[in-house]
Amino acid sequence: MISHKEEFGSERAQLLQYLRSSADILVFTGAGISTGSGIPDFRGPTGVWKRRQPVYYDDFMRSEAARVEHWDYKLEGWAGFRDARPNATHVAIVQLEKAGKILAVVTQNIDGLHARAGTSASKLVELHGTNSYIECQTCGRRSNPEPHFENFRQTRRPPVCECGGFLKPATISFGQNLRVDDIKQAEEFASKADLVVSLGSTLSVYPAANIPLIAAARGVPYVIINQGPTEHDELREVTLRLDGDVAEIFPSAVAKAIL
Ligand SMILES: [Zn+2]
């Protein structure tokens with residue numbers, strides 16, 4: 001049996017081939033693409049969860065002390081998120097979109113950097129929510145985070161909506177379900193893509209990690225680029241696996257693919 005590697009030469013050449021020959025790419029991204037923008041990888045060896053206990057959603061809704069803890073945790077990370085800038089990987093994805101090759105970008109990241117880089121809102125699904133705005137848990141009203149954080153910094157009192165509802169950064173908390181509309185939209189994209197590329201994800205968090213598999217199950221090529229192992233590495237649906245720094249591999253391949 002001839003492997004893809006032998007058939008197409010180097011793995012990078014094959015990546016280039018896939019990017020060139022696809023018109024409806026689904027890009028799936030995880031924390032590994034944002035570490036270059038200074039966003040901490042929460043699950044890594046120096047991740048935030050080594051220091052802090054996550055606040056579960058039910059506790060947030062039930063307990064003022066839990067809300068204080070959650071806002072304190074979010075305040076700690078806020079300046080870093082606010083000031084983070086997209087890196088070469090986010091930009092390369094936007095370049096692919098401008099070249100008419102992106103069907104969708106489905107991300108696990110909560111840093112808002114795809115939107116900031118210029119990925120169209122209609123093509124972007126942020127499965128785990130975003131730190132880019134605050135959301136009322138009762139009426140759903142969205143607002144700008146900065147004044148709320150400033151207020152909390154001074155008063156240590158978690159902000160409350162005009163409607164009386166609790167305000168929370170619009171990220172999916174532990175114990176909180178993903179938004180049904182987001183999952184449906186991501187699944188729909190996965191059912192139409194002609195290539196799926198996973199960037200910087202260990203593919204270990206579900207249901208998010210199902211999205212690339214839905215596309216791959218249809219027989220479209222499935223490319224994984226990540227530094228270190230992923231939970232999909234042994235699946236036969238994976239057609240190409242590149243191990244290494246996404247920022248070093250992906251942007252240069254995109255630049256060649258859209259020449
Ligand atoms: Zn409200």
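Residues numbered from 1 in each chain as written. Predicted model: local features only at pLDDT ≥ 70, side-chain atom pairs only at ≥ 80, totals over all residues. Heavy atoms only, no water.

Evaluation of the coordinates by the stated rule reveals 16 salt bridges. A salt bridge links Arg52 to Asp72, with the nearest nitrogen and oxygen atoms 3.0 Å apart. In this pair, Arg52 is assigned in the loop between β1 (25-29) and α3 (57-62) and Asp72 in helix α4 (residues 64-83), connecting sequence segments 20 residues apart. For Arg52, a relative accessible area of 13% gives the class buried. The salt bridge involving Arg62 is made with Asp59; its shortest N-O contact spans 2.9 Å. Taken together, the residues Arg62 and Asp59, both in helix α3 and 3 residues apart, mark about one turn of the helix. In this structure, a network of salt bridges that share partners links the residues Arg52, Glu69, Asp72, Glu76 and Arg156. (Salt bridge = Lys/Arg side-chain N within 4 Å of Asp/Glu carboxyl O. Helix = DSSP H or I, 4+ residues; strand = E, 2+ residues; numbered from the N terminus. Buried < 20%, exposed > 50% of the residue type's maximum accessible area, 1.4 Å probe, protein only.)

Before going further, it helps to spend a moment on the coordination of the zinc ion. Only Cys136 (SG), Cys139 (SG), Cys161 (SG) and Cys163 (SG) from the protein coordinate the zinc ion, and they sit 2.3 to 2.4 Å from it. Seen from the zinc ion, its 4 donor atoms lie at angles of 104 to 118 degrees, and the figure they make is tetrahedral. All donors to the zinc ion come from one chain, and their sequence spacing reads C-x2-C-x21-C-x1-C. Take Cys161: its relative accessible area is 10%, and that puts it in the buried class. Under the relative-accessibility criterion, Cys163 is labelled partly exposed at 43%. (Donors = N, O, S within 2.8 Å, 3.2 Å for Na, K, Ca; no water. Tetrahedral: all angles 85-135°; square planar, octahedral: opposite > 155°, others 65-115°.)

What follows deals with the sheet that holds β1. Strand-to-strand pairing in sheets goes through backbone hydrogen bonds, with the strands running parallel or antiparallel. Pairing within the open sheet is parallel, and its 6 strands lie in the order β3-β2-β1-β7-β8-β9. Of all strands in the sheet, those with a lone pairing partner are β3 (124-126) and β9 (240-243), marking the two edges. The average undirected angle you get between the axes of adjacent strands in this sheet is 15 degrees. Inspection of the sheet shows strand β8 (residues 222-226) paired to β9 by 4 bridges, in the parallel sense. Across the sheet, Ile225 pairs through a bridge with Leu242, a residue of β9. Relative to the sheet, helix α10 (residues 246-257) contacts β7 (195-199), β8 and β9, its axis offset from that of β8 by approximately 135 degrees. (Pairing = 2+ DSSP bridges. Axes fitted to C-alpha atoms, helices over the stretch in contact; angles between N-to-C directions. Contact = heavy atoms within 4.5 Å.)

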